[in-house]
Structure formats: structure tokens, C-alpha cells
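Observations on chain architecture
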Amino acid sequence: MSSFLDVVVEAHGGFQRWQDAKTIHAQGSIGGQLWCTHGQAGILSTADLIVDVQQERLVYQDYTGPELRGVFTPDNVAIEKGDGETLTKRTSPRQSFADQAPDAPWDQLHVLYFAGYALWNYLTAPYLLMHPGVAVEEIAPWQEAGEQWRRLRATFPPHIATHATQQTFYYSADGLLQRHDYAADVLGGVPAAHLCKKHITVSGLVFPTHRYVVPTDENGQVLSEPVLVTIDLTHISVT
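The paragraphs below set out a description of the structure included in this document.

Looking only at helices and strands, the protein chain has four helices and 13 strands in total. Here the protein chain has a C-alpha radius of gyration of 17 Å; the compact-globule value for 239 residues is 18 Å, and the two agree. Burial status across the protein chain gives 51% buried among its 239 residues. At a minimum sequence separation of 6, the contacts of the protein chain that also span at least 24 residues come to 48%. Of the roughly 10,700 Å² of accessible surface on the protein chain, a fraction of 50% belongs to carbon and sulfur atoms.

It is worth spelling out helix α4 (residues 108-124) at this point. Over its 17 residues, α4 runs 24 Å from end to end, which matches the ideal 24 Å to within 8%, given 1.5 Å per residue. Its side-chain oxygen 3.0 Å from the backbone nitrogen of Leu109, Asp107 forms the N-cap of α4.

The next subject is the environment of Gly39. By the secondary structure assignment, Gly39 is in the loop between α3 (33-37) and β2 (47-52). Relative accessible area serves as the criterion here: at 56%, Gly39 is assigned to the exposed category. Along the backbone, Gly39 and Phe97 are 58 residues apart, and their C-alpha atoms lie at a distance of 15 Å.

Turning our attention to the side chain of Glu56. Mapping Glu56 onto the fold places it in the loop between β2 and β3 (57-61). Of the side chains with opposite charge, Arg94 comes closest to the buried, unpaired Glu56, at an N-O distance of 7.5 Å. From its side chain, Glu56 meets the backbone nitrogen of Ala161 in a polar contact 3.1 Å long. Among residues more than four places away in sequence, those in contact with Glu56 are Phe72, Thr73, Pro74, Tyr117, Trp120, Asn121, His159, Ile160 and Ala161.

Moving on: the pattern of salt bridges. Considering all chains together, one arrives at eight salt bridges under this definition. For Arg153, the salt bridge is made with Glu137, and the minimal N-O distance between the two is 3.9 Å. Highlighted residues: Arg153 in strand β8 (residues 147-155) and Glu137 in strand β7 (residues 135-144), separated in sequence by 16 residues. A relative accessible area of 29% places Arg153 in the partly exposed class.

What follows concerns the pairing of β2. Of all six residues in β2, five are buried; the element is thus mostly enclosed. Note that strand β1 (residues 23-31) and β2 share six bridges and pair antiparallel. Bridge assignment links Gly28 to a residue of β2, and that residue is Ala47. When β2 meets β3, the two strands line up antiparallel, connected through four bridges. What sits directly across from Ile50, in β3, is Val59. Adjacent in sequence and paired antiparallel, β2 and β3 are bridged by four residues.

Residue placement: Thr230 occurs in strand β13 (residues 229-238). For the pair Thr230 and Val134, spaced 96 residues apart in sequence, the C-alpha separation works out to 27 Å. In this structure Thr230 touches Ser29, Ile30, Gly31, Gly32, Arg211 and Tyr212, once residues within four positions along its chain are discounted.

Here we take up helix α1 (residues 3-11). Within the sequence span of α1, burial applies to Phe4, Leu5, Val8 and Val9. When α1 is viewed along its axis, its buried side chains cluster within an angular range of 145 degrees and face the same direction. Opposite the buried face of α1, by more than 90 degrees, sit the exposed residues Ser3 and Glu10. The inward-facing, buried residues of α1 contact α2 (15-20), β7, β8 and β9 (166-171). Gly13 sits one or two positions beyond α1 and adopts a positive phi of about 130 degrees.

By the bridge criterion, eight bridges tie β7 to β8 in an arrangement that is antiparallel. Residue pairing across strands places Ile139 opposite Arg151, the latter belonging to β8. Taking the residues between adjacent antiparallel strands as the criterion, β7 and β8 are bridged by two residues, where Ala145 takes a positive phi near 55 degrees.

How each quantity is defined
- Residues numbered from 1 in each chain as written.
- Predicted model: local features only at pLDDT ≥ 70, side-chain atom pairs only at ≥ 80, totals over all residues.
- Heavy atoms only, no water.
- Helix = DSSP H or I, 4+ residues; strand = E, 2+ residues; numbered from the N terminus.
- Rg over C-alpha atoms; globule rule 2.2 N^0.38 Å.
- Buried < 20%, exposed > 50% of the residue type's maximum accessible area, 1.4 Å probe, protein only.
- Contact = heavy atoms within 4.5 Å.
- Areas by Shrake-Rupley, 256 points an atom, 1.4 Å probe, with all protein chains shown as cover.
- Expected span 1.5 Å × (residues − 1).
- Polar contact = N/O pair within 3.5 Å; in protein donor to acceptor, adjacent residues only side chain to side chain.
- Lys, Arg positive; Asp, Glu negative; His and termini not counted.
- Salt bridge = Lys/Arg side-chain N within 4 Å of Asp/Glu carboxyl O.
- Pairing = 2+ DSSP bridges.
- Arc of directions from axis to C-beta.

As C-alpha cells, this is what we get:
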């Protein structure tokens, strides 16, 4: 495991603080072209989510309707009433993306799986990179926007639901996440860059609050459009 990862984790709050955290509650808006492409425009325009920091689980409050919730785990997604009654669910949800066309329509459970694992990954990083089975190595630095960013390449084990087995994380000189590259398997493996801005500190942990995802060219350079996903968080709390 890269020793630079220790620097990164410390810059985002420190390992002990992450280990002590139980939940992250975030509110904001998730948009971008991706949801329109799959026939689900606006489904997450008002997002209210609770992340379980120590296991891969995320709940979207008021998902698809008032007093409903969308519950994500790697092996199951479900839309439930407030009393826990299940309205609809899907087991082995990743398999539902197999052999889809790039613009195939999604249902609400497709969105719940994709946005569930993605936001769990985003909000628990870089603690995510210290999970058992995740292999991390430092690779050559990267020049962007007049800065030199250090990079970590992570290789994820099969039990973690994530975009792809290999992903690259870029950090500024102070160890804060600036960019995250991946080619999401469920989207056909198209390379993309996830840019991270406006970091804030909440209960000792550091989070980017403005994020957006755009394609990259064959050399890894960021393209300005289309903007595939936008994530703007207006409230974060940690318990």
C-alpha cells in the first residue's frame, strides 16, 4: 500500500476519525446528461442520502416519492415505505445492466443501484482505499491547470460495488482529492474524469461539495462536454 495514501487520509480527516464515523448525511442535487440519456431526468434533482461509513449501504430519503426510501447494498436494491414495507426490489442488481445499449432506458432500480454505489464510494473516499482487499500504488504525477498532482491507482476486489476494478485518484500538494478517473463498467467502460471542487470540513472530515463528470480523450485529457453527472451538496453532517 502506498505511503502517500497515509498522507491523503490524514488530509481528509485521519484514519481514526473515519473509523469512528458511523453515518454521513448529505443533501443537495444530482444532475447531468446521464440521467436524461437513460430516461430518468430529474430523478435525483433533490437528493437526501444517508451513507453507512463502515459497510457498503446507502439510503435515499424520499426516493421517487414522499415518505419512500431507496435502499442500496451491493447485492440488493429496494424501494420501501417508511414503515419498511417493500414496494419493489431487485437482487443481483449489477446483472441488470448486462448487454445494455449505451442509451438503454433505466428504471428506478437501475438508478438506485448506480447512484447508490457511486455516492457511497465518493463520500467514503479516501477511507474507502484502506478497506481490506483494496490494493493501492502511487503512479507518475500528472500536470493539470498549472499544477502537479500526485496520483494513486486503486485496484478493487469483487466484493466492493464500484465503477471499475482499476481507478485513478489525483491529489493536490496538500493531499486533497482533485480528480478521480474511471471507466464505469455499467456504462460500457467509457473513460471519464470526475472533478472535485469546494472542499469543506465537517466534524473533522473533508469532503468536496461540487463535483462533475466529463469524458476524457485517449490521452487522459479532460473534455469540456458533455457534462455527464453533476453533484452539488448543500448540507453534510457526520455522526
